[in-house]
Amino acid sequence: MAYFPAFLKLDNKKILIVGGGNIAYEKLDHLLDFTKDIHVIAQEYSDEMLQRIKSENLEYEKRAYKEGDIKEFAVVIVAVDSIELQAEIFQESKKYNCLCNAVDSVDYCDFIFPSYIKKGDLTIAVSTSGASPAMAKHLRRYLQNMIPNTISEFLKEMKALRKSLPKGKERMKMLDEKAKNYIENWSK
Ligand SMILES: C[C@@]1(CC(=O)O)C2=NC(=C\c3[nH]c(c(CCC(=O)O)c3CC(=O)O)Cc3[nH]c(c(CC(=O)O)c3CCC(=O)O)/C=C3\N/C(=C\2)[C@@H](CCC(=O)O)[C@]3(C)CC(=O)O)/[C@H]1CCC(=O)O
Ligand SMILES: NC(=O)c1ccc[n+]([C@@H]2O[C@H](COP(=O)([O-])OP(=O)(O)OC[C@H]3O[C@@H](n4cnc5c(N)ncnc54)[C@H](O)[C@@H]3O)[C@@H](O)[C@H]2O)c1
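As the structure is a computational prediction, the values presented were derived from the model and not from experiment.

Observations regarding the layout of surface pockets
Then, in step 1: A volume near 950 Å³ is recorded for the largest pocket.
Then, in step 2: Lining the largest pocket we find 27 residues, and of these Ala 6, Phe 7, Leu 8, Ile 112 and Pro 114 sit closest to its centre.
Then, in step 3: When contributions to the lining of the largest pocket are tallied by element, the ones reaching two or more residues are helix 1 (22-31) and strand 7 (122-126).
Then, in step 4: Ranked by residue count, the leading element in the lining of the largest pocket is strand 7, at three residues.
Then, in step 5: For the lining of the largest pocket, the per-class residue count stands at 19 nonpolar, five polar and three charged.
Then, in step 6: Secondary-structure elements contributing two or more residues to the lining of the second largest pocket are helix 1, strand 5 (99-102), strand 6 (115-119) and helix 4 (133-146).
Then, in step 7: The element that contributes the greatest number of residues to the lining of the second largest pocket is helix 1, accounting for six residues.
Then, in step 8: Broken down by class, the residue content of the lining of the second largest pocket amounts to 13 nonpolar, eight polar and seven charged.

Some thoughts on the domain arrangement of the chain
Then, in step 1: When its domains are assigned, the chain resolves into domain 1 (15-113) and domain 2 (151-186).
Then, in step 2: Relative placement of domain 1 and domain 2: their C-alpha centres are 39 Å apart.

Let's talk about a nonpolar patch on the surface
Then, in step 1: On the surface, Met 135, Leu 139, Tyr 142 and Met 146 cluster together to form a nonpolar patch covering roughly 410 Å² of accessible area.
Then, in step 2: Tracing the chain through its elements places Leu 139 in helix 4.

A look at the site of ligand 2
Then, in step 1: Taken together, 19 residues lie near ligand 2, and Gly 20, Ile 23, Glu 44, Tyr 65 and Asp 104 sit nearest.
Then, in step 2: Within the backbone of Ile 23, one N or O atom sits 2.9 Å away from an oxygen atom of ligand 2.
Then, in step 3: One of the backbone nitrogen or oxygen atoms of Tyr 65 is found 2.9 Å away from a nitrogen atom of ligand 2.
Then, in step 4: If ligand 2 stood free it would expose 880 Å²; the protein chains cover 67% of that surface.
Then, in step 5: Ranked by the residues each element gives to the shell around ligand 2, the list is headed by helix 1, at three residues.

Thoughts on the site of ligand 1
Then, in step 1: In the vicinity of ligand 1 lie 18 residues, with Lys 27, His 30, Ser 115, Thr 128 and Lys 137 positioned nearest.
Then, in step 2: Take Ser 115: an N or O atom from its side chain is 2.3 Å from an oxygen atom of ligand 1.
Then, in step 3: Here an oxygen atom of ligand 1 and a side-chain polar atom of Ser 127 are 2.7 Å apart.
Then, in step 4: When isolated, ligand 1 has an accessible area of 1,100 Å², and the protein chains bury 68% of it.
Then, in step 5: A molecule is said to occupy a pocket when more than half its atoms come within 2 Å of that pocket's grid points, and by this definition ligand 1 occupies the second largest pocket.
Then, in step 6: No other element matches the four residues that helix 4 contributes to the shell around ligand 1.
Then, in step 7: Among the residues making up the shell around ligand 1, the classes are represented as seven nonpolar, seven polar and four charged.

Thresholds, definitions, all that
Residues numbered from 1 in each chain as written. Chains lettered and ligands numbered in written order. Predicted model: local features only at pLDDT ≥ 70, side-chain atom pairs only at ≥ 80, totals over all residues. Heavy atoms only, no water. 1 Å grid on protein atoms, 1.4 Å probe; cavity = no way out; pocket = protein on both sides within 12 Å on 5 of 7 lines; lining within 4 Å. Points joined across faces, edges and corners; volume = space filled by probe spheres on them. Helix = DSSP H or I, 4+ residues; strand = E, 2+ residues; numbered from the N terminus. Nonpolar A, V, L, I, M, F, W, Y, C, P; charged D, E, K, R; others polar. Domains from an automatic or database assignment. Patch = residues over 30% accessible without salt bridge, like charges linked within 9 Å, V, L, I, M, F, W, Y side chains within 5 Å. Areas by Shrake-Rupley, 256 points an atom, 1.4 Å probe, with all protein chains shown as cover. Salt bridge = Lys/Arg side-chain N within 4 Å of Asp/Glu carboxyl O. Near = heavy atom within 4 Å. Polar contact = N/O pair within 3.5 Å; in protein donor to acceptor, adjacent residues only side chain to side chain. Sits in = over half its atoms within 2 Å of the grid points.

In structure tokens:
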């Protein structure tokens, strides 16, 4: 079955990343666009990972994962090079109501990372349900080139209009027209 697309609110949700290599870095980089409440546990860290953890002032520990580490976390990303540990942490996460992402198998994922574009309040997420992460990446790049950066400003304007005008049919019609015109004009 395909994955249900939802946008998760990360306020007040503590996130644990287990692993300090290249893939852990990619996941960290993406998460940092949405939250800073991230803790890392890894036996070894790449230079890039360690530099980023320090520049973002994140908490981290240099040691092996041990059972119970996920207890206080709402989300765990298991970015280690051991499928056994990914399976173990996934099973353990069920005890603690913690959402799990494992980087080597969708069997151990409650959710997967989509490829995404973020321009201000706009987020576009692309997923292939794990069928082809490479395809998700290239489709994201293709879409990224189509959408103008001015969309952030446009969305600010739309948000202000929505807030200032009274709800109702007139507002709905006006907002719909403006959105339609913006899209029709961006390629001109
Ligand atoms: C989208 C993106 C988001 C992100 O990482 O934030 C992401 N993978 C990205 C890149 C990428 N990953 C891989 C390649 C090599 C080419 C290829 O295999 O296609 C490339 C391309 C590259 O790096 O250039 C290899 C790979 N990936 C997974 C496995 C395990 C497996 O398939 O079992 C293996 C095999 C490892 C091996 O071969 O040993 C698993 C997952 N990767 C996912 C997400 C989830 C499904 C997303 C979906 O399809 O909807 C899922 C299921 C779990 C998860 O990670 O959450 C990010 C692009 C970001 C961007 O640039 O926009
Ligand atoms: N999901 C994806 O997008 C994707 C893409 C490519 C590869 N992968 C997979 O991701 C995995 C990780 O790849 P990588 O390049 O980051 O590997 P890596 O070897 O660079 O990093 C592995 C990390 O896991 C840590 N680790 C291992 N056992 C640990 C333990 N018991 N406790 C704490 N930390 C531990 C290591 O210290 C290291 O920091 C690989 O198995 C690879 O197949 C996933």
